[in-house]
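Coordinate inspection notes
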Amino acid sequence: MGKAIQAYLVLYNASCLVGWAYALYQGLTVLNSDVWPSLAGVWAVAGPTVLIVQSAMTLEIFHAGLGFVRSPVFVTAMQVTSRLWVMLCPAYGDGTSSWTGMMVISWAMVEVIRYSFYLAALLMKVIPYPIFYARYSAFAILYPTGIAGELGTAYVALQQPSLTAYHAIIRFIMYLYVPGGPFMYLNMVGNRKAAFKKRFAPPPKPERGCAFPQDKKGVRSTTAPNRAAIAAAIEGCGPRAAKAAKACATEKSYRFGYARHVKELVRQGAYSPQAAVGSAQKGLDYMYGNFEFVDKDGVSTPFGDAMNGTATVTGRSLKSVKVQGNGKSSSSYEVPYDGGWHPSAPKPPTSSLKGAALTKQLDKWASTGIIERDAADAVQWTADYVQKESLADAHFVLIGAGSAMGPCAKLLELGANVVAIDIPGSWGKGGKRPASGLWKRLFALADKGGGTLTVPVDASSRATARDREALAEAAGCDLMMEPREIGEWLTDWMQSLPKKARVCIGNYTYLDGALHVKLALCADYLIQTVLDASSRLDKPAACAFLCTPTDAHLVPEEVAQAASDNFDSRLLKSFGLEKLFNLLTMGSKLRPNVEKPVETENGECYMVDGLSVAQGPNYALAKRMQHWRAVSSYESGHVASTMVAPSTATISVIHNKTFAWAYGGMPAFGFEIFKQETTNAVMSAVLVHDVMNGKGPKNPTNRRKFGVDNALKLFSSESVHGGLWRGPDTGDSL
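Note that the structure is predicted; figures quoted are calculated from it, not measured.

This brings us to the sheet that holds strand 7 (residues 394-399). Taken in spatial order, the 7 strands of this open sheet run 4-9-8-7-10-11-15, and their pairing is mixed. Of all the strands in the sheet, just strand 4 (318-324) and strand 15 (640-644) have a single pairing partner and so form its edges. With direction set aside, neighbouring strand axes in the sheet form an average angle of 20°. In this structure, strand 8 (residues 417-421) lies alongside strand 9 (residues 452-458), joined through 3 bridges in parallel fashion. What sits directly across from Val-419, in strand 9, is Thr-454. Against the sheet, helix 18 (residues 436-448) engages strand 4, strand 8 and strand 9, with an angle of about 150° to strand 9. In this fold helix 24 (residues 616-635) packs onto strand 10 (502-507), strand 11 (542-547) and strand 15, with an angle of close to 150° to the strand it touches most, strand 11.

We now examine the packing of aromatic side chains. For the structure on display, the rule yields 28 aromatic pairs. Between Phe-139 and Tyr-143 the ring centres are 5.9 Å apart and the planes differ by 75°, which places this aromatic pair in the edge-to-face class. Here Phe-139 and its partner Tyr-143 are both found in helix 8 (residues 139-158), 4 residues apart, which amounts to about one turn of the helix. Consider the rings of Tyr-337 and Trp-365, whose centres lie 5.1 Å apart with planes at 80°: the pair is edge-to-face. Taken together, the positions of Tyr-337 in the loop between strand 5 (335-336) and strand 6 (352-353) and Trp-365 in helix 15 (residues 355-367) put the pair 28 residues apart, joining distant regions of the chain.

Turning our eyes to something else, we now look at the sheet that holds strand 3 (residues 300-302). Taken together, the 3 strands give an open sheet; going across it, the order is 1-2-3, and neighbouring strands pair in antiparallel fashion. One side of each edge strand has no neighbouring strand; the edge strands of this open sheet are strand 1 (209-211) and strand 3. Across this sheet, the average inter-strand angle for adjacent strands is 35°, counted without regard to direction. Taken together, the 3 bridges between strand 2 (residues 292-294) and strand 3 define a ladder with antiparallel strand orientation. Across the sheet, Phe-293 pairs through a bridge with Thr-301, a residue of strand 3.

This part is about helix 20 (residues 483-495). When the terminal C-alpha atoms of helix 20 are compared, their 18 Å separation across 13 residues agrees well with the 18 Å that a helix rising 1.5 Å per residue should span. When we look at burial in helix 20, the residues that qualify are Pro-483, Arg-484, Glu-485, Ile-486, Gly-487, Trp-489, Leu-490, Trp-493 and Met-494.

Turning next to the packing of helix 20 against helix 21 (residues 514-533). Following both chains from N to C, one finds helix 20 and helix 21 inclined at 25°, their axes separated by 9 Å at the closest point. Classified by the interaxial angle, the pair formed by helix 20 and helix 21 is roughly parallel. In this structure, the crossing between helix 20 and helix 21 has a hand that is right-handed. Contacts from Pro-483, Arg-484, Ile-486, Gly-487, Leu-490, Thr-491 and Met-494 of helix 20 reach helix 21 at Cys-522, Tyr-525, Leu-526, Thr-529, Val-530 and Ala-533. Grouping the constituent residues of the contact of helix 20 with helix 21 by class yields 9 nonpolar, 3 polar and 1 charged.

This part is about the pairing of strand 9. Among the 7 residues in strand 9, 6 count as buried, and that is most of the element. Bridge count between strand 4 and strand 9: 7 bridges; the pairing is antiparallel. Within the sheet, the bridge partner assigned to Lys-322 lies in strand 9 and is Thr-454.

Taken as a whole, this structure holds 30 salt bridges when the rule is applied. One salt bridge in this structure joins Lys-354 and Glu-334, with 3.7 Å as the shortest N-O distance. Of this pair, Lys-354 sits in the loop between strand 6 and helix 15 while Glu-334 sits in the loop between strand 4 and strand 5, and the two are 20 residues apart along the sequence. In this structure Glu-334 comes out as partly exposed when scored by relative accessible area, which is 27%. For Arg-484, the salt bridge is made with Glu-488, and the minimal N-O distance between the two is 2.8 Å. Taken together, the positions of Arg-484 and Glu-488, both in helix 20 and 4 residues apart, correspond to about one turn of that helix. Overall, the relative accessible area of 10% leaves Arg-484 in the buried class. Linked by salt bridges that have partners in common, Glu-60, Arg-83, Glu-111 and Arg-114 make up one network.

Conventions we followed
- Residues numbered from 1 in each chain as written.
- Predicted model: local features only at pLDDT ≥ 70, side-chain atom pairs only at ≥ 80, totals over all residues.
- Heavy atoms only, no water.
- Pairing = 2+ DSSP bridges.
- Helix = DSSP H or I, 4+ residues; strand = E, 2+ residues; numbered from the N terminus.
- Axes fitted to C-alpha atoms, helices over the stretch in contact; angles between N-to-C directions.
- Contact = heavy atoms within 4.5 Å.
- Phe/Tyr/Trp six-rings, centres within 6.5 Å; stacked < 30°, edge-to-face > 60°.
- Expected span 1.5 Å × (residues − 1).
- Buried < 20%, exposed > 50% of the residue type's maximum accessible area, 1.4 Å probe, protein only.
- Parallel < 35°, antiparallel > 145°, perpendicular 65-115°, else oblique.
- Left-handed = near helix turned anticlockwise from the far one by under 90°.
- Nonpolar A, V, L, I, M, F, W, Y, C, P; charged D, E, K, R; others polar.
- Salt bridge = Lys/Arg side-chain N within 4 Å of Asp/Glu carboxyl O.

Without other data, these values stay purely geometric and don't point to any function.
Take a look at the structure:
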């Protein structure tokens, strides 16, 4: 924040504090021992002051829009304007109601506390506890009294003939209080919990391992590096992207405005093949050159330099232990499915599809726009392939092998060789959910199939495949603390493979927030390590990622046309009401899914906007790194299995109530939310197809056949988007 902006905000908040304090003083001077009747005189005395300070608060909308404060513009506008309408009731009608007096006193007390809090935050390093406590506690009384006062004032206005022309609007707004009042109150309850937890949190542990870069004050913030990484990638698109790169680099409200810059990154990268490759390389260069690795002594080194040096946290080396499957490799491909997920049907599928039934369901999904036809064909190819061919020579390195979205179970069932990278089994020992349970589950999967499971253990460990209990605790590694050591272990493992081996390394990790970015960077290092080490093999190694449909992707023209047709069709059926709703929400709701055509040096291409602002810039950056690596690898001659996976009801997703509610409502808009078991089987089949079928669209030798004149079009094929690509509206605007 610039000094001029900070000075302005100090002046603004101080002025509002004085104004509301004066209004509170005026209101309190009217009160006497007979409180309720005396409240009727508050507006006559304090009303003129309230009109001024409340109207001045409209400036906060501009503060949010200009990036002076980290608040979403739409939410701020709703909060400010929601008071203006009720304030006009006593201003133009009868202000002698006790309800109005209670409303004014409640507002004034809330705002005196709020502006004291904001002013303290601007001027002090630590907000005094009395102000902090009042900010997150007084609402328990003042919100109910304020809302009751507002409703009472509105009810009185309905009795006034002078306001008859506005009665319908007043009634409509009063109805909005039914969902809005509890939501606002519960939102503050949540904010209170988070604020107290943060204030009284124990001191953070010293930073170790992969870390966000430090700023000039020694703080490791996430917003600035996020913004800088995307800006660097946009700049890498070439001179024509310079203006867009500058706009991203100077974005004041990046937390809520990042989505437009991610979309602009796709637009700029789509202009030419060179732009896509340059963008990917510049983005990765920023991550390796600016993110850091902090060693065991607290010494920070640029991440790329650390991976090429000797920096370490654990100081250990790793070796392999192989678990041989005792079962028989499956020659029949089955997809668990009994319908999509819904809150009314949350349990795992009770039946599976194979043979003709699977073919029929694939055709149904494709014809209804739930998945694309080439994705259905890829699943069918794998179902046919495993009936007569073996995966004995196929090796899959799975980063996050125990992930709910990962293909580990299906690959072991098919007899493939899996190298599993996941958290140390020693974590959580003695607790309710020790990490050793994850490894025991993977061992059980390996035993059922005909393939192998290779796991990392400390080089000094005596654990063997025979002693599963000991191995479950010894297996695993800490990706963010020892990426270099894991990379060395993978390099040694690659040297042990026969030249005919088919190798693929995929990233299936996920954690909330900033940890996701750090995981993605460490995983990227391992992917690059394996791809480089595969030069000795007959065929270069492949890389694999599960892309999210909640992103900005280039799509085939036919998909864009279907989404546009669906939007126009529904608009006609609603007689324009949806367009009216879009206008009333200032374009934030029911936005068309398809963006305007994207300009390229060879004409136009098309993009859908699936970005969800609620997921945050950390999630977007982590997924963008995967895109950058896929583009870079593809251009270097590697298969890049980068298919879009459907929205899936995993525990990590639906534990967030907001996403659980959203998932529950999405089927009403024609989307299908997949159950975890269905997603695993479908996406595993597409992965096997991409790696084993040399004629697929993810193989760079076939780029001309599939029209991949720009590497960003990698993400256009074999999409299992659950209907999001062809839907009329963006998912974030529903």
